[in-house]
Structures are given as structure tokens and as C-alpha cells.
Amino acid sequence: MKLNRRKFLKLSGAGLLGVGTLTKTAQALAQEEMLKGPYDKDEWIPSCCNMCGGQTGILCQVVGGRLFRIKPNPHNPIGFSNISDDFFANAAKEGAVMCPKGNAGIMALYDADRLKQPLRRTNSKKGIGVDPRWKAISWEEAYTEIVDRLKKLRDGGEAHKLLWFSEDHSFTHPQGDFCKLFGTPNYSMHSNLCDTGRKASFKILMGDERPLIDALNSKYMLIFGWNPLSATKFSHLPRIITRGRERGAKLVIVDPHFSYTASRADEWVPIRPATDGALALALAHVILRDNLQDQPFIDEWTVGFDQFKEYVKDKTPQWAEVITTVPAERIERLAKEFATTKPALVDVWSGTHHTNGVYAGWAIGALAAITGNIEKPGTLVLPNAKGGKHIEVEPDAVAAKTLKEPRLDGGKDKWPYFHKSGVYMEIINRLVDGKGPYQPKMAMIVFQNLLMSVAGTKNAEKALKNLEFVVVVDTMLSETAEFADIVVPGTTYLERYDLNTHWVTWPAVGLRQPVVKPLFGQPAEYEFVSELGRRLGLKEANGNDVFWVGRTSGERIEDKKRWYEEWLSRELKEGEPKITLEELKALPGATWVSPNGTKYHKHLDPVPGDKLKDALIEGNLAFSKKKDGTKDKPMGMLKADGTAIHGFFTPSGKLELYAAKHVGKKDAAGHDLAPLPVYEPREWQPSQEYPLFLINWKEASQTHSRTQNNAFLAELKATDGLRINAKTAVKFGIQDKDWVWVESPYGKIKMRAELTEGIHPEVVGTQHGWGHWAMGKIAKGRGAHTGFLAKTIACPLSGQSLNKEICVRVSRA
């Protein structure tokens, strides 16, 4: 299509840009940038979205060097299905999908409030609401000051006193490698704020952190604490769940809040927050009492069944009703439906965001184990998500010395199910109280807004004030950026590269690539990191100039973009695709999809003989080796003939209903680790003074606290109020649309009441992410931020940030 101004306006008015129903103000923001011309070049460039962590494949129409519109990429499975047969058979006919956030990505690129140049703070005072008194500086000035600070730390043997925070789906390998070569063990990323609790639950049970649901082929879906039709972590979720229901599946949602998914389900089960584990144990009680379990599967593929069966013997529906408020009769019926309908799936996500959440997730997963609903069509499936291979770097002697220092958060020595993303809450608390193994001096914060994402906003404020020097890399002047000493402009996902291993059950790799040049001439974040590495002279132990030398050519490369392209090419060649970056670009939709497809029953697959030959053998289990020759991860179970099958990745090679490795060990709070998925009440409970649970949730209209300045999304939903059960509101004298005070021991915020029957009577709640006091003109002043009400606490097993463990009182303002 050859485009001129008249054609653009005609298309825009027809809504083909996805903005036709928006106000003139929002259209004007887009048109102001896009209508500058020239219009002599029109191309579609495949890439991957990053408006959230879902990484949906996209096609970007670029006209005269400017982004015109974004649509889903049907060659990339993440926007269609997580099951290969469905994708290969139907994607071309049906087309892919994307959520509102992806459609609004154009306004992330052309946001008028974007940070355009490096800034230096001139006001030494820091705090919420304190004006940094920014002064614009050159890139050379920014690099010089940042590098001088970093060099001082490293030369003084204090490299470990650098904290580094980043998003978890963008250029993490260069950042992690920089930290390793610099000498800091303190690299942390967003996953800790998201799903490390769920990861821990399933790691205990099956040794795999992220099983995926095969909703398409299921006949019964029992989902705890998740809103997959709206909080679209993966954009294929609404389609596969809807298709599953069209094929006859029943969808049951267990959630204190009547979410969008609950509104489309066959049944909503309102539950008291943090009691999911008790409900799961009662369901298991009924299944085992009535002999509805899959005993042959249990006998062959689980350990600890007898101990588990004994534990749930008194976990009756009547016992659970008192704890959960779910009627005993309903528990009886749900248990029988779930156990007798095959195939069935059960899953949990943010329901693990409580101090008892990991045990709850383990109990929920145990329901799949005792009914044999694992690794079969229509159940929980372990993904075979192989992609590019990260090429590890070896630190030199200087870095190796400070890498021996403990992580500030205590790492795996403190947290039994520590995840490499770190423990944000522990870092914040140690910065505040100074009781860590050392006091950090500097932080690099890349595309993270700690003031809006960390539980306990006032604590986060104190923590950042206790650092000597803070650098923030972001596209916006966020609340956290206001605490920076230097802030540098980042890029949007439409201006940079990444490889994405997608959330599907078989290997697939999608390319994120620049569809336009960085608008302000700023370097992409991997170029920024490599420039720091070059100026610091960081090298591997063998003298290799990692940040200079191309990973495929072996040549010294001045052009940092080309340097990173070689980096990605090497990861692709040595990973599953075995292709170059240019070859990936040439594939349809710039997506490599393995023809081997989804595999079920992978625990029965044979272990290749060459791998088994180099394994460490203990009893009937084979383990891979670490570089030093010691035992690493389980890789298979030996058979009588000397061969081996994969099994599950637990110490026993089976699904663990009883974790023997927990015996005699402690969690981070000093409590004994339970060898069974026990139910204990969460730590923070309602009281006479603070009688209500406060929860928060995600919806398709926004991503966390990242997108509230997006003009298109703001018109979809401008803010959110406090949802409160209508009967509960009567007790407090609150009417619909009243302004109310919401208070906890840690803070007080003002919100507009929204009365509804769609929330548990003991609960109030709101969508997470509102309440900005910075970031941009659109975001500022909309809604309230619940982080002011939270305590800075982490799950004692996984370190998961517990943003949902809050109790409050509510009164008319």
C-alpha cells in the first residue's frame, strides 16, 4: 500500500489503526508523529511484543521509517496455541490474536512523555515528591560519571556492593554477563515479583518450574487464583480455554474476586484469601476417601503417597469449610467431578502470593498427581521450551574474588527454593536496616520501577535513599527514576533486539527486532551495557574481550549493534534452532518453530546413551555433572537393562507427594520445612482493627505499573476503584461511588468505592498498577497505589514478593 496523508486519515477514521473509537486527543498523539512523511516506503516487519511478559508475535507496518500499526503474527505460536498440532493445523486459517496492550504498543513508542536524553540530579535531597532538579547532560558525561563510579567500586575490591535490577524478558544475558565479569553476585530481575512461588511449588512436586496447561484438550479445568482470560500472560490463553469449553470442558475458577475469567466460567468459587491449600487438601481427602485416585499411576510415578494419604485423612470438607468459607457440599461435588472427568487440569498462579503460598501450590499440584493428570493431553504438560543457548562467561581473578561474597538477600543459603531472580523484599529490608553482610553503595535499575512494584513503598523509598549512587535506565521518568543520580533513556521493544523462547509446549524461537530506529538516537540497552564493559576493560579469565569481540567472527567490532547481532547468532547456532540470526530473520514471521511438536509422556523418553555414559549414578538415578565433576541435576532413572528413562526432575525421579529432602531443614524464617504440602494460616490475618483482606489483580487493560501513561490504554480504562461487597459496605456505611479511606498499619490511601456482589464479603480489592505520582501526564494522579499499605515481606521458601498479603480497614472519607 502506498500511503499519503489523505489515505492515512481515511484509514484512521475507519478504525483500521485500532484507534478509530478513541478520542481526538489520543488520535492526535499518534498522528502527530506518524503523519510527518515521507510515504514512499511501506513494509511489514515481524517482531515480538513486550508490552508484558507474554512476548506475542507481531507484524509491524512501517511507513517511511515510522510505525503505522501493529497486528498479530500468525507464524508465531504464542498468539495462537501452546499445542503444536493445533498451531500447525489451524493458525493459517484462523489467524493469531493479541491483547489490548499489544494493540496499544504504538503509543509506548510515540509517548510524548518519553525520556529523550540523559539527566543528572542536582538536588542531593531524595524522597517521594522531592524535585530532583534535573540537568540535561551529554551521553559522554553520563558514561564518564557512571564508569568512574563503577571503576571505583571494582578497583577497591567492592564490586559486590553494586546491585543490579532488570526486567526478565529483555537483554538479560548481557546484563548477567556484565555483573559476572564486573564481580557482583547481586543481579536480580522481575521474576521475583511474579511467579517464583508457583515455580517453587511445582519444583517440589515434579522438578519442573513451569508446567503449562493443555486447555484445548481438557474436559475439566480447575484454576486457583488466576485470571487467564484477562490477565493474559500468554495471548493464546483466551483462545485455548474458550476452545476447550467449546469442546465440552467445564471451567471452574477459585478466586476471592469475580474476575473476567470467573464471569466466563461455568462456576465461580469465592474463597477466603490464602486458604487455597486447605481447599486442595479437602478435595484430595474426598478423592482418596472414595477411591477415585489413579492408583496405577500413583504406584509407578509418585513417592510419599502413604504419608500424603494419612495427612489428608482428617482434612475433611467440613474442616475446610471453616477455613475457606466454601461449603462442604460444594467441596464434595467438585472433588468428584475433578477426579472422574478425564482429562482434567488444575493450576495456580498468583494464589501463591502469601506466606503459605508454596505449600498451597504444592497441594494444588498434588491433585494432578493423584488423579494421573500430568504429561497427558488435556492436563498439565512439562514444556520442552528449548531455544537459543546462553554462552557462559568466565570471570577474571578480580571478579572471581568478589563473586565469592554472599548475595545481599542471602541467596540459596537462606531460601530453600531460591530463584536466580533474587529476593527483592530482602534486598530492600537489608538496605533499610543495614543488617546484611555488607552495605551496598550503588544500584543499576533497568526498566524496573521499584517504588511501584515492591511491597511496602515507604520502605523502598528508605532503601533507595540509603544508596550512594543510583542509575536508572528507562523510557519514562518513573517514580524510581526520581531517586536516580543519573537517568538515561532506554528503548521500547520496537527499537531493539531479543530472542524469545515462547510459552508453548515445544521448541520455538521468535525474534524481536528493531522496526524503527531509536527515536532519540539513544543506544539500545545491550549497547549501553557493552559500552560500560568496554570502558571498564572487563574481560574473561582467558583475556577475551567479551564486549568487543564478535561471538561468531572472533573479530573486534566497533559497531555495538553488530556486536549484539553476532551474540544472538551464536546463541541460535549453539541452541536448538542451529541457524544464524539472518536465517531467523528470513523465516516466515521471523519465527523458528520445531517440526517435532508437542510431546506428551516425556517422563517415559529414553536418555541418550552418550549422555548416560558421562552421568553420575546414585542408586537407580543418573545425574548430570557440574564443571567440577560433582552431582548436578537428575537426568534419568535406570532400568534393569542398563538403559534409562527421563522420569521427573526430582531427587527421586518421580512426583513427590512427600519431600524427604525437607526433613531437618529450615526455611528463611527459621521454621522447619514440612515434608508434606501442609496447610497453615498465612502470617498476616485480619484483626478487629484491620478486619478486611486487601487483594489486587491484573487485567488486560494494563501491565503491572508500566503502561498507565499509554494514551490508548487510558481510554480503555482510566483508573480503578476499590471493589467491596455490597453487604459488607452496608456494615461500614459506604455507598457506591463514595470516597473511602483504606488504611493499614503501614499507610493510608483514598479510593472510590465500587460496590459489587463479585467479591468475597471479607475482601476488598483493586487492579494493581494505579496511583502514579510521576511517569507522565496521563498516568499521574489516576487511582491509588496499594504498595503504601503493604509490608515488605517475602515467602520464606521461595523469596516470592508478597504483594497480596495485606489487611486493612475501610471508612468513608
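None of the values given here were measured: they were computed from a predicted structure. (Residues numbered from 1 in each chain as written. Predicted model: local features only at pLDDT ≥ 70, side-chain atom pairs only at ≥ 80, totals over all residues. Heavy atoms only, no water.)

For the structure shown, the criterion picks out 59 salt bridges. Two residues, Lys 376 and Asp 294, come together in a salt bridge whose shortest N-O distance is 3.7 Å. Placement of the pair is Lys 376 in the loop between helix H16 (357–370) and strand S14 (380–381) and Asp 294 in the loop between helix H11 (276–289) and helix H12 (295–301), with a sequence separation of 82 residues. Take Lys 376: its relative accessible area is 24%, and that puts it in the partly exposed class. When the shortest N-O distance is used, the salt bridge between Asp 720 and Lys 717 registers 3.2 Å. Judged by its relative accessible area of 6%, Asp 720 falls in the buried class. Each of the salt bridges in this network shares a partner with another, and the network as a whole consists of Asp 86, Glu 94, Arg 239, Arg 243 and Glu 246. (Salt bridge = Lys/Arg side-chain N within 4 Å of Asp/Glu carboxyl O. Helix = DSSP H or I, 4+ residues; strand = E, 2+ residues; numbered from the N terminus. Buried < 20%, exposed > 50% of the residue type's maximum accessible area, 1.4 Å probe, protein only.)

With that out of the way, let us pick up unusual backbone geometry. Cis geometry marks the peptide bond from Lys 342 to Pro 343; its omega dihedral reads -10°. Mapped onto the secondary structure, Pro 343 falls in the loop between helix H15 (328–340) and strand S13 (344–348). Even without a glycine there, the phi angle at Ala 274 is positive, about 70°. Tracing the backbone shows Ala 274 in the loop between strand S11 (267–269) and H11. A positive phi angle is found at His 601, which is not glycine, with a value near 55°. The topology assignment puts His 601 in the loop between strand S20 (591–593) and helix H25 (609–613).

As far as domains go, the protein chain holds domain 1 (119–194 + 393–503 + 506–593), domain 2 (212–381), domain 3 (606–645) and domain 4 (692–812). Here the C-alpha centroids of domain 1 and domain 4 sit 30 Å apart. Domain 1 puts 32 residues into the contact, and the matching count from domain 4 is 29 residues. Taken over both partners, the interface formed by domain 1 and domain 4 buries close to 2300 Å², and the fraction arising from carbon and sulfur atoms is 57%. Viewed at the interface, domain 4 and domain 1 are joined by one salt bridge. In this assembly, domain 1 and domain 4 are joined by 17 residue pairs in polar contact (both at pLDDT 80 or more). Taken together, the elements giving at least two residues each to the side of domain 1 that touches domain 4 come down to helix H19 (424–433), helix H20 (450–453) and helix H21 (457–465). Along the lines of polarity and charge, the residues of the side of domain 1 that touches domain 4 split into 17 nonpolar, eleven polar and four charged. (Domains from an automatic or database assignment. Contact = heavy atoms within 4.5 Å. Buried area = accessible area lost by both parts, 1.4 Å probe. Polar contact = N/O pair within 3.5 Å; in protein donor to acceptor, adjacent residues only side chain to side chain. Nonpolar A, V, L, I, M, F, W, Y, C, P; charged D, E, K, R; others polar.)

Burial analysis of strand S15 (residues 442–446) places five of its five residues in the buried class, the great majority of the element. Residue alternation in S15 divides its side chains into two sets, Met 442, Met 444 and Val 446 and Ala 443 and Ile 445, and both sets are buried. Sheet topology note: the S15/strand S16 (residues 469–474) ladder contains five bridges and is parallel. Paired with Met 444 across the strands is Val 471, a residue of S16. (Pairing = 2+ DSSP bridges.)

Looking now at the pairing of strand S27 (residues 722–725). Judged by which residues are buried, S27 turns out to be covered on both faces: Leu 722 and Ile 724 on one side and Arg 723 and Asn 725 on the other are all buried. With four bridges connecting them, S27 and strand S29 (residues 747–756) associate as parallel partners. Across the sheet, the residue bridging to Asn 725 is Thr 756, located in S29. Two elements, S27 and strand S30 (residues 763–767), share two bridges in a ladder whose sense is antiparallel. Along S30, the bridge assignment pairs Arg 723 with Gly 765.

With respect to topology, three strands assemble into an open sheet ordered S18-S19-S20, the strand pairing being antiparallel. In this open sheet, the two strands that pair with only one neighbour each are strand S18 (498–501) and S20. On average, adjacent strands in this sheet sit at an angle of 15° to one another, irrespective of strand direction. Looking at chain direction, strand S19 (residues 508–512) and S20 are connected through three bridges and run antiparallel. Bridge assignment links Gly 510 to a residue of S20, and that residue is Thr 591. (Axes fitted to C-alpha atoms, helices over the stretch in contact; angles between N-to-C directions.)

The subject of this paragraph is the sheet that holds strand S31 (residues 806–812). If you trace the six strands once around the closed barrel, you get S26-S30-S27-S29-S28-S31, paired in mixed fashion. Neighbour to neighbour, the strand axes of the sheet diverge by 45° on average, direction disregarded. Bridge count between strand S28 (residues 739–744) and S31: four bridges; the pairing is antiparallel. Bridge pairing in S31 places Val 742 opposite Val 810.

Counted under the stated rule, the structure contains 24 aromatic pairs. Taken together, a centroid distance of 6.1 Å and an interplanar angle of 85° make the contact between Trp 319 and Tyr 679 edge-to-face. Linking Trp 319 in helix H14 (residues 317–324) with Tyr 679 in the loop between strand S25 (655–656) and strand S26 (692–697), this pair joins segments that are 360 residues apart in sequence. For the ring pair Trp 563 and Tyr 564, a centre distance of 6.2 Å and an interplane angle of 35° mean the geometry is tilted. Feature note: the residues Trp 164, Phe 178, Phe 182, Tyr 526, Phe 547, Trp 563, Tyr 564 and Trp 567 constitute an aromatic cluster, connected by ring pairs. (Phe/Tyr/Trp six-rings, centres within 6.5 Å; stacked < 30°, edge-to-face > 60°.)

This part takes up the confidence of the model for the protein chain. When pLDDT drops low, the exact placement of atoms in the prediction is not to be read closely. Mean pLDDT over the protein chain works out to 93, with 95% of the residues at or above the 70 mark. Segment residues 1–24: pLDDT under 50, and 40 contacts once partners within four positions in sequence are set aside and those in other chains are kept. (pLDDT = per-residue confidence, 0-100.)

An ideal rise of 1.5 Å per residue puts 24 Å on 17 residues; helix H6 (residues 139–155) measures up with 24 Å between its terminal C-alpha atoms. What H6 keeps buried is the set Ala 142, Tyr 143, Ile 146, Val 147, Leu 150, Leu 153 and Arg 154. The arc that holds every buried residue of H6, seen down its axis, measures 120°, which confines them to one face. Counted as exposed and oriented over 90 degrees from the buried face of H6: Lys 152 and Asp 155. Remark: Gly 157 follows H6 within two positions and exhibits a positive phi of approximately 70°. (Expected span 1.5 Å × (residues − 1). Arc of directions from axis to C-beta.)

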